[in-house]
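Below, each chain spelled out in residue letters.
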Amino acid sequence: MKYTLDKSWATKHSPNLTVKDCHEMVQDKKGRLLLLTNETKNNIIIFNKDGRVLESWGHEFPGGHGLTIHDENGTEFLYITDNERHQVYKVDLNGKILLTIDAPLGIGLYSKKEEFIPTETAIDSNGDIFIADGYGAQHILHYDSNGKLKNHFGGRGEGDSFLDNAHGICFDQRNGKKSLLVTDRARNCFKRFDTTGKLIEIISLPGAGVCRPVIKGDNLYAAVLRSPNMNVENSGFVTILSKKK
């Protein structure tokens, strides 16, 4: 596998494009690339594959961080996590907010909304929403499609089933069984859980401060923010893992 880096992919077409952090990009079924940035002049920027801006929208997400696209009965929706507003949103592809999920207060997990700092979501085939609170209390929160809390697991702690910087989450069905892959960045690994929260497997990535896992075909792709530890700047790379160990 060989790749090249084109730093001018977007700026050569739009030199005045306003972006802060390029936290996440997804592709819709039309082949368009949707970028989430925490710049409130244009939180979502939509490109074609040549890097030309097709449209942009969004001024509501100063902490825009996680972006997930989900096809619901033929219609695609976006799920955005905002770690400054401490909320998760379901929006249509024009930016209309359809659902807002706040910190689940009053059940012993959080004493105030600021403790909830979500970084990523994964959406099940039935519309259930799994939220990784990767910059907050490290819980994986399981909601139904209407935003009602059904379950939670993980959280901060010392055992293997606990998490530390649960930055990313995705579904993995490559082996014929549905599971959740969750990033445990501070511990340099992915952790595989079933959908009830039972720990199945730890995939160790020594020295890799890894971000969200992304499944494409038989492979798992992930950005590594820093290596061999989080104190080393400009040390990131992309890692690709096969289906089998």
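Rules and cut-offs
Residues numbered from 1 in each chain as written. Predicted model: local features only at pLDDT ≥ 70, side-chain atom pairs only at ≥ 80, totals over all residues. Heavy atoms only, no water. Helix = DSSP H or I, 4+ residues; strand = E, 2+ residues; numbered from the N terminus. Rg over C-alpha atoms; globule rule 2.2 N^0.38 Å. Buried < 20%, exposed > 50% of the residue type's maximum accessible area, 1.4 Å probe, protein only. Contact = heavy atoms within 4.5 Å. Lys, Arg positive; Asp, Glu negative; His and termini not counted. Charge placed at Lys NZ, Arg CZ, Asp CG, Glu CD. Core = buried A, V, L, I, M, F, W, Y, C linked by side-chain atoms within 4.5 Å. Phe/Tyr/Trp six-rings, centres within 6.5 Å; stacked < 30°, edge-to-face > 60°. Lys NZ or Arg CZ within 6 Å of the ring centre and 35° of its normal.

## Regarding the overall build of the protein chain
Inference 1: When you go through the protein chain residue by residue, the secondary structure sums to zero helices and 19 strands.
Inference 2: Against the globule reference of 18 Å for 245 residues, the protein chain gives a C-alpha radius of gyration of 17 Å, in line with a compact fold.
Inference 3: Projected onto the principal axes, the alpha-carbon positions of the protein chain cover approximately 50 × 40 × 35 Å.
Inference 4: Expressed as a percentage of its 245 residues, the buried residues of the protein chain come to 51%.
Inference 5: Here the analysis covers contacts within the protein chain between residues at least 6 apart in sequence; of these, 37% occur between residues at least 24 apart.
Inference 6: Of the side chains in the protein chain, 32 bear a positive and 31 a negative charge, and the two mean positions are spaced by 4 Å.

## Some remarks on the environment of Gly136
Inference 1: Here Gly136 shows up in the loop between strand 10 (129-132) and strand 11 (139-143).
Inference 2: On the accessibility criterion, Gly136 (9% relative accessible area) is buried.
Inference 3: The spatial distance from the C-alpha of Gly136 to the C-alpha of Tyr110 is 9.6 Å, given a sequence separation of 26 residues.
Inference 4: Not counting residues up to four positions away in its chain, the partners in contact with Gly136 are Glu115, Ile117 and Arg156.

## Some thoughts on the nonpolar core
Inference 1: Ranked by size, the top nonpolar core spans 15 residues in total, and within it Ile101, Tyr110, Phe116, Ile129, Ile131, Leu141 and Tyr143 carry the most contacts.
Inference 2: Counting residues per element, the ones that place at least two in this core are strand 6 (75-82), strand 8 (97-101), strand 10 and strand 11.
Inference 3: Beyond its immediate sequence surroundings of up to four residues, Tyr110 is in contact with Pro104, Leu105, Glu115, Phe116, Asp133, Ala137, His139 and Leu141.

## Some thoughts on the packing of aromatic side chains
Inference 1: One pass over the structure, following the stated rule, counts five aromatic pairs.
Inference 2: Where Trp9 meets Phe47, the ring centres are 5.0 Å apart and the plane angle is 45°; that geometry is what we call tilted. On the criterion of sequence distance, the pair formed by Trp9 in the segment before strand 1 (22-27) and Phe47 in strand 3 (residues 44-47) is long-range, its members being 38 residues apart.
Inference 3: Note on Trp9: relative accessible area 22%, which makes it partly exposed.
Inference 4: Ring centres of Phe153 and Phe193 lie 5.0 Å apart, and the angle between their planes is 45°; on these two criteria the pair is classed as tilted. Within this pair, whereas Phe153 is found in strand 12 (residues 149-154), its partner Phe193 is found in strand 15 (residues 189-193), the two being separated by 40 residues in sequence. Each of the two residues, Phe153 as well as Phe193, counts as buried.
Inference 5: Over the aromatic face of Phe77 sits the side chain of Lys90, whose NZ or CZ is 4.5 Å from the ring centroid.
Inference 6: Just above the ring of Phe171 sits the side chain of Lys178; from NZ or CZ to the centre is 5.7 Å.

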